[in-house]
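Examination of the molecular architecture
Here is how the chains run, residue by residue.
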Amino acid sequence: MFEPISILSFTVALHGLSRPGSAVSVEASRVRARAESMMERVERSDALFGGKASVISALLNLSQSHAEMGWDGDDAAPVDGGAIALAAAFIRALPDDCNMPEVGVDPDGAVALDWMPSRRRMLSISFAGDSDRLAYAWIDGTDRGNAVAKFDRDLVPGRVLDAIRSITTTSERASIRAA
Amino acid sequence: MPSDQLQRRLNVLPSGLPEYVADAEPLSRFLTSDSHFNSVMAKPSAFMPRNDSAETSVFRQGPDSLPALWETADGALVGRNVRAVAILTGADVRQARLNVKADEPPLKHANIVGWPSGQEDVELMRAQRKERALLMAQAARLIKR
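Structural notes, computed from the coordinates.

Here is what the cut-offs are and how they apply
Residues numbered from 1 in each chain as written. Chains lettered and ligands numbered in written order. Predicted model: local features only at pLDDT ≥ 70, side-chain atom pairs only at ≥ 80, totals over all residues. Heavy atoms only, no water. Helix = DSSP H or I, 4+ residues; strand = E, 2+ residues; numbered from the N terminus. Rg over C-alpha atoms; globule rule 2.2 N^0.38 Å. Buried < 20%, exposed > 50% of the residue type's maximum accessible area, 1.4 Å probe, protein only. Contact = heavy atoms within 4.5 Å. Expected span 1.5 Å × (residues − 1). Polar contact = N/O pair within 3.5 Å; in protein donor to acceptor, adjacent residues only side chain to side chain. Salt bridge = Lys/Arg side-chain N within 4 Å of Asp/Glu carboxyl O. 1 Å grid on protein atoms, 1.4 Å probe; cavity = no way out; pocket = protein on both sides within 12 Å on 5 of 7 lines; lining within 4 Å. Points joined across faces, edges and corners; volume = space filled by probe spheres on them. Buried area = accessible area lost by both parts, 1.4 Å probe. Pairing = 2+ DSSP bridges. Axes fitted to C-alpha atoms, helices over the stretch in contact; angles between N-to-C directions. Parallel < 35°, antiparallel > 145°, perpendicular 65-115°, else oblique. Nonpolar A, V, L, I, M, F, W, Y, C, P; charged D, E, K, R; others polar.

For the rest of this paragraph, the subject is the overall build of chain B. Across its full length, chain B carries 4 helices and 6 strands. Along chain B, helices and strands appear, N-terminal first, in the series α-β-β-α-β-α-β-β-α-β. Here chain B has a C-alpha radius of gyration of 15 Å; the compact-globule value for 145 residues is 15 Å, and the two agree. Expressed as a percentage of the 145 residues in chain B, the buried residues total 52%. Residue pairs at least 24 apart in sequence account for 70% of intrachain contacts in chain B once pairs closer than 6 positions are excluded.

Next comes the structure, spelled out in C-alpha cells:
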C-alpha cells in the first residue's frame, strides 16, 4: 500500500539522486539522468520552487524588455546578459528562507536586486556581467553605507547575506554591521 | 554666498527660471520602465547615471498641476510611455552629496551631477553611486500616471 510523502521529502530525495555518486551501473546512470531532468522541471515549477522561480522569471523578462539601447527613453544601455545570469545565480544561492528581492536595471545595463521593506530600510545590489564583484549599498535607519563583495556563483558572501537578513528582519533593533 | 552662486541666482534662463536650482525647488524624474518603481516608491535604479555621462536628467517642475507635468514629460520623452514620476527637491539631491545644475534646452531641464566618477575600481564607484541613489529613492515621492 502506498503512503503519502511530503513535497519537501520528495524534493530532497530527488536532489540526492541527481548528484554524482559511487554507483556505476547502467541503471544507476539512467536513474541519475532522470533525476537531473526532473530537478530541472522542479526548479521551473513555481509551486514547488516558490519565490526564487518568480524572481528568476522576472530577470528573464528584463532581458527581453530592456534589450534595446535607450529603453528608458534616454540613452540607457541594453541590459547585460551576463549580469542577468549572475543575478540568477545569486538568487539560486540564497537560502530558501531568505526574503526575495525586486528586480531592476541600471541605465548602464547592470542588473539590480532591491530589498525595500520600508523607506528607512533598503538594500540594493548591482550585478555587472563582466565582473564577479558585487556592488551594494544600504540604508538602515540612520546607518548607511556601500561596499563591494566577491561572488563565486555558488555561495552568497556572508556580509551580504547578513545585510539582507538585517534589512528584512522585523526587529526594531536590527542594524547592519559595517562592511 | 560665493559670487558664482550669486550670479547663477540672478541669471534667468529661457524658461524664466533662475540658473541656480534652489533647495526648495521641486525636481521631477520621469520613469518609463516598470522596473524603476514599485507600488509605493521609486527604486534606486531610477536615479543612477550611465557610467560615461555621470548625469541624471530631471525637470524643474512639481506636481502642482499634474496635466502640465505629464505634458512636459511627453514633450521631453517623445514616443515613450511615461509611467510615473519621482519628485524630490534640490535639498534632497544635495543631502545625497550630489548637486543639480540647470541644463537648458529643453526648457526647465536640469541634471543631477557630482556622481563619483573616474575611479579605477569601477565596482566600488558603482557602490558609492548606489548609496546616493538609495538616498534619493528614500526622499522621492512617487506619482503613477
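As a further point, take helix α5 (residues 81–93) of chain A. Helical geometry: 3.6 residues make up each α-helical turn, so side chains three or four residues apart lie on a common side. Residue and element names in this part refer to chain A. Here α5 is 13 residues long and its end C-alpha atoms lie 19 Å apart, about the 18 Å a rise of 1.5 Å per residue gives. Inspection of α5 places A83, I84, L86, A87, A88, A89, F90 and I91 among the buried residues, and these make up the whole buried set. Along its buried surface, α5 packs onto α4 (51–65), β2 (111–118), β3 (121–127), β4 (133–140) and α6 (158–168). Where α5 begins, one side-chain oxygen reaches toward the backbone nitrogen of G82, 2.7 Å away; that side chain belongs to D80.

It is worth spelling out the environment of A:C98 at this point. Residue and element names in this part refer to chain A. Summarising the element assignment, C98 is placed in the loop between α5 and β1 (102–105). By relative accessible area, C98 is classed as buried at 7%. Sequence separation between C98 and I84 is 14 residues, and the spatial gap between their C-alpha atoms is 20 Å.

To continue, consider the pattern of salt bridges. Here the structure, examined in full by the defined rule, presents 15 salt bridges over all chains. The closest approach of N and O atoms between A:D96 and A:K52, which form a salt bridge, is 3.1 Å. Of this pair, A:D96 sits in the loop between α5 and β1 while A:K52 is found in helix α4, placing the two residues 44 residues apart along the sequence. The exposed category is assigned to A:D96, whose relative accessible area is 71%. Here the salt bridges do not stand alone but share partners, grouping A:D108, B:E123 and B:R126 into one network.

Estimated volume of the second largest pocket: approximately 220 Å³. A:D74, B:R29, B:F30, B:S57 and B:L77 are the residues nearest the centre of the second largest pocket, which is lined by 17 residues in total. Those elements that provide at least two residues to the lining of the second largest pocket are β1 (26–31) and β2 (56–59) of chain B. A per-element tally of the lining of the second largest pocket places β1(B) first, with 4 residues.

What follows covers the interface of chain A and chain B. With 40 residues of chain A at the interface, the matching set in chain B holds 35 residues. When the buried area of chain A at its contact with chain B is split by residue, A:P107, A:R119 and A:R144 rank highest and sum to 20% of it. Joining chain A to chain B, the criterion identifies 5 salt bridges. Considering every element that reaches the side of chain A that touches chain B, the biggest residue donor is β4(A), with 6 residues.

All names here are of chain A. Taken together, the 8 bridges between β4 and strand β5 (residues 143–150) define a ladder with antiparallel strand orientation. Across the sheet, W138 pairs through a bridge with G145, a residue of β5. In this structure, the hairpin formed by β4 and β5 is closed by a connection of 2 residues, where G141 is found at a positive phi of approximately 70 degrees.

Pairing is antiparallel across the open sheet formed by 5 strands, whose spatial order is β1-β2-β3-β4-β5 (chain A). Edge positions in the sheet fall to β1 and β5 of chain A, since each of these pairs with one other strand and no more. If you compare each strand with its neighbour and ignore which way they point, the axes differ by 20 degrees on average. The sheet contacts of α5(A) involve β2, β3 and β4 of chain A, and relative to β2(A) the element is tilted by about 45 degrees. Set on the sheet, helix α4 (residues 122–139) of chain B makes contact with β2, β3, β4 and β5 of chain A; between it and β4(A) the angle comes to about 30 degrees.

Another point: the packing of α4(A) against α5(A). All names here are of chain A. Contact geometry of α4 with α5 gives a least axis separation of 10 Å together with a crossing angle of 175 degrees. Comparing their axes, α5 and α4 come out roughly antiparallel. Of the residues in α5, those in contact with K52, V55, I56, L59, L62 and S63 of α4 are I84, A87, A88, I91 and R92. Looking at side-chain class alone, the contact of α4 with α5 contains 8 nonpolar, 1 polar and 2 charged residues.

Another point: α4(B). Residues and elements named next belong to chain B. In this model, α4 (18 residues) spans 26 Å end to end at C-alpha, consistent with the 26 Å of a helix rising 1.5 Å per residue. Within α4, 14 of the 18 residues are buried, leaving the element largely enclosed by the surrounding structure. Capping the start of α4, D121 holds a side-chain oxygen 3.3 Å from the backbone nitrogen of E123, two or three residues further along.

It is worth spelling out the side chain of A:S126 at this point. Here A:S126 is to be found in strand β3. Looking at A:S126, the relative accessible area reads 0%, which means it is buried. Those residues within four positions of A:S126 in sequence are excluded, and the remaining contacts are A:D106, A:V111, A:A112, A:L134, A:A135, B:R126 and B:K130.

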